Amino acid sequence: MIFKASSASLAGVAHQQLEIPCQDSVCVCRENGILCAALSDGAGSRSMSHFGARQITQAVSQQICAQFHSLCAAEPAEAAQEILNHCLHALAQLPYPIDSLAGTLLFFAADGHGRFLSGHLGDGIMIAVEENTARLFSAPENGEDPCVTWLVTSPAAPEHFRITTGRLPDHGEMLLMSDGTAAGLYHYPTATPARACVTISKWLREEAEDVISAAIAENMQTLFSKKSSDDLSMIVISW
């Protein structure tokens, strides 16, 4: 099984106006026959979350490429705790208080035989596309307040970090996105992906990764930024 992956992130209109760095981060890692793509939406209320989001995505994608098979074999709760511990250890290496580095986490990883491992913590969204039909793969989760979500530094993170394993169909796509991007690609009241998710997945089937990364970034600038003033990030994986 051969994988392609494209990604982009962009500071939202509100952050651009205030000259605040993009607090979303994406990372795609290919090592040991594993592809792992990770996305983190740094908490807007945390001053150094742009550094934290980058550290989270890099640490998790590298960890999963190195430990994919053992994490797949572990109980979901055990795998969730191991990944969160790794995140916290990585954040502790930065010269800032851990609470100031908080972010959400989405990841999707797979090997060449079609076995996959995914993780979801927070208000991001994962959408699967199979046979030109988009469906919700993993739903967003907020706290008691709709404006609050679960972060890797939250004490209750282990209880809300959803780990999924399984086998992929022969062909398909997976879209990972922050809530900013989801504002233009997901209808929250009905939990329905927009038809544009299928369109974007087709791009990657037909074009090179770097071409589609540039196309995603352009659409963020011209279209998605009109749906949300939040930071925008997205990863598309095709196999």
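Heads up: the structure comes first, above all this text.
Note that the structure is predicted; figures quoted are calculated from it, not measured.

(A) Spotlight on the packing of aromatic side chains. Counted according to the given criterion, the structure contains seven aromatic pairs. Geometrically, the ring pair formed by Phe51 and Tyr96 is stacked, given 5.3 Å between the ring centres and 5° between the ring planes. Of the two residues, Phe51 sits in helix H2 (residues 49-73) while Tyr96 sits in the loop between helix H3 (76-92) and strand E4 (105-111), which places them 45 residues apart along the sequence. Its relative accessible area of 26% is what places Phe51 among the partly exposed residues. According to the relative accessible area criterion, Tyr96 is partly exposed, its value standing at 28%. Geometrically, the ring pair formed by Phe107 and Phe161 is edge-to-face, given 6.3 Å between the ring centres and 75° between the ring planes. Taken as a pair, Phe107 in strand E4 and Phe161 in the loop between helix H4 (157-160) and strand E8 (162-167) lie far apart in primary sequence, 54 residues in all. The same class applies to Phe107 and to Phe161, which are both buried. Members of the aromatic cluster, joined through ring pairs, are Phe3, Phe108, Phe116, Phe137 and Trp239.

(B) Summary view of the sheet that holds strand E2 (residues 24-31). Taking strand neighbours across the sheet as the criterion, the five strands line up as E2-E3-E4-E5-E8 in an open arrangement whose pairing is antiparallel. If you trace the sheet from one side to the other, it starts and ends with E2 and E8, each paired once. In this sheet, adjacent strand axes meet at a mean angle of 10° when their direction is disregarded. Both E4 and strand E5 (residues 115-121) contribute to a ladder of six bridges, which runs antiparallel. What sits directly across from Leu105, in E5, is Leu121. Against the sheet, H3 touches E4, E5 and E8, its axis set at about 120° to E8.

Criteria and cut-off values
- Along each chain, numbering runs from 1 in the same order as the chain's sequence is written.
- In view of the model being predicted, local features appear only for residues whose pLDDT reaches at least 70, and side-chain atom pairs are presented and counted only at 80 or more, with totals across whole chains, interfaces and linings using the full set of residues.
- Only hydrogens and water are set aside; all other atoms, that is, all heavy atoms of the structure, feed into the side-chain values.
- Whether two aromatic rings pair depends on their centres lying within 6.5 Å, for rings of Phe, Tyr and Trp, where Trp uses its six-membered ring; planes under 30 degrees apart make the pair stacked, over 60 edge-to-face, and the rest tilted.
- Helical segments are the DSSP runs of H or I of at least four residues, strand segments are the runs of E of at least two, and each set is numbered from the N terminus.
- Exposed residues in this analysis have more than 50% of their type's maximum accessible area, buried residues have under 20%, and partly exposed residues fall in between, with area computed by a 1.4 Å probe over protein chains only.
- Being paired, for any two strands, means DSSP has found at least two bridges between them.
- Axis definition: a line fit to C-alpha positions, over the contact stretch in the case of helices; interaxial angles, taken between N-to-C directions, run 0 to 180 degrees.
- Two residues form a contact once any of their heavy atoms are found within 4.5 Å.

These values are about where atoms sit, not about what they do.
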